[in-house]
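Next come the chains, spelled out residue by residue.
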Amino acid sequence: MTASVPELTPDTVVANGVRLHFRAGGSGPPVVLLHGWPQTGHCWRHVAGALAADHTVIVPDLRGYGASDKPTGGMDKRTMAADISALVRWLGHERIAVVGHDRGGRVGHRWALDRPDEVTRLAVLDIAPTRATWQRMDAALGAKYWHWLFHLQPDLPERLAGADVEGYLRYFLEKWTYAREGLEPAAVAEYVRAFSQPGALRCGFDDYRADPVDAEHDEADFAAGRRLTQPLLALWGAEGVMGQTLPMLDLWREYADDVRGRAIERCAHFVPEERPEEVVDELRRFLAEA
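Rules and cut-offs
- Residues numbered from 1 in each chain as written.
- Predicted model: local features only at pLDDT ≥ 70, side-chain atom pairs only at ≥ 80, totals over all residues.
- Heavy atoms only, no water.
- Pairing = 2+ DSSP bridges.
- Helix = DSSP H or I, 4+ residues; strand = E, 2+ residues; numbered from the N terminus.
- Axes fitted to C-alpha atoms, helices over the stretch in contact; angles between N-to-C directions.
- Contact = heavy atoms within 4.5 Å.
- Phe/Tyr/Trp six-rings, centres within 6.5 Å; stacked < 30°, edge-to-face > 60°.
- Buried < 20%, exposed > 50% of the residue type's maximum accessible area, 1.4 Å probe, protein only.
- Lys NZ or Arg CZ within 6 Å of the ring centre and 35° of its normal.

The protein chain appears in an unreviewed UniProt entry as Alpha/beta hydrolase from Actinomycetospora aeridis.

Now the structure itself:
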């Protein structure tokens, strides 16, 4: 599939006190695409252009990632969601569909809980609810999610990963793909470049270090009975941790009222990059329901 990023126009705006880099283009109902770790908005290169044929597509680099600011705080999902809310409102959109992969899905989940009037529908790619994942963190899941525990540690991840940024990122970018051959070389080079910038590794790890704060917010919502009321689409790689370990739809139904979704075959974690055509098809059907 032809790369779609050049079809979108890059820009930067100060939103919620940080400079956010984003690309936007297309026309029609708005949708924002949120990336995960260890990536940037570049992960949507095969998806954004196709969606822009009939949607206004916004692809930001989240706080701390890519060409956006690298602050020393605010990596909790509530703050990151407030960033993107401010961005889309600056662009003139009061209500928007949200698609998030990996950590971006967690930002989208928090956004939809905190500001339900802004999020029309939510698609989450290869994530289970954060609270549900921690509750199931036994030895088997911990062996697969060891990086959550490692990234929580202060200072040490930067020191070890910083000695070989490419080697560290390649471990995930290869191991977490179905073919175990990794993403295309140009994409790997782009992510290595992005995470070699000053502050980038720290912010990426701070995203995980914010999990205790995120957990407080999640527990408060769960105790209060707050659930997602928007339609939710869950997609995940059949050959990844989600597909092989967790009952994805059952888990999301514990947190959302209207859930649908499926596993994508011959795919592991990097769903928008491994199987972009299927992702576009699923998103078009889901967004057309609005």
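Q: Got a minute to help me understand the sheet that holds strand E1 (residues 9–15) in this structure?
A: Strand pairing in a sheet is mediated by backbone hydrogen bonds. Such pairs are either parallel or antiparallel. Read from one edge of the open sheet, eight strands run E1-E2-E4-E3-E5-E6-E7-E8, paired in mixed fashion. Each of the sheet's edge strands pairs with one partner strand only, and the pair in question is E1 and strand E8 (256–264). Strand-to-strand, the axes of this sheet are offset by a mean angle of 20°, without reference to chain direction. Looking at chain direction, strand E7 (residues 228–237) and E8 are connected through eight bridges and run parallel. Within E8, the residue paired with leucine 235 across the bridge is arginine 262. Across the sheet, helix H3 (residues 103–114) lies against strand E3 (30–34), strand E5 (96–101), strand E6 (119–125) and E7, angled at about 145° from E5, the strand it touches most.

Q: Would you mind going over the packing of aromatic side chains with me for this structure?
A: The relation between two aromatic rings is expressed through the spacing of the ring centres and the mutual angle of the planes. Applying the stated criterion across every chain yields a total of 19 aromatic pairs. Centroid distance tyrosine 65 to phenylalanine 195: 6.0 Å. Interplanar angle 85°. Geometry classified as edge-to-face. Taken together, the positions of tyrosine 65 in the loop between strand E4 (56–60) and helix H2 (77–90) and phenylalanine 195 in helix H9 (residues 185–195) put the pair 130 residues apart, joining distant regions of the chain. Look at tyrosine 168 and phenylalanine 172: their rings are 5.1 Å apart centre to centre, the planes differ by 75°, and that puts the pair in the edge-to-face class. Here the residue tyrosine 168 and the residue phenylalanine 172 both occupy positions in helix H8 (residues 165–175), the gap between them amounting to four residues, near one helical turn. Relative accessible area serves as the criterion here: at 0%, phenylalanine 172 is assigned to the buried category. Linked through ring pairs, Trp37, Tyr65, Trp146, Phe150, Tyr168, Tyr171, Phe172, Trp176, Phe195, Phe205, Tyr208 and Phe270 together constitute an aromatic cluster. When the ring centre of phenylalanine 286 is taken as origin, the NZ or CZ atom of arginine 121, which lies over that ring, is 4.7 Å away.

Q: Any chance you could explain unusual backbone geometry here in plain terms?
A: A negative phi angle characterises most non-glycine residues, just as the trans form characterises most peptide bonds. For the bond running from tryptophan 37 to proline 38, omega is 5°, close enough to zero to count as cis. The residue proline 38 is located in the loop between E3 and helix H1 (48–51) in this model. Located in the positive-phi region is aspartate 155, a residue other than glycine, with phi close to 70°. One can find aspartate 155 in the loop between helix H6 (146–151) and helix H7 (156–162).

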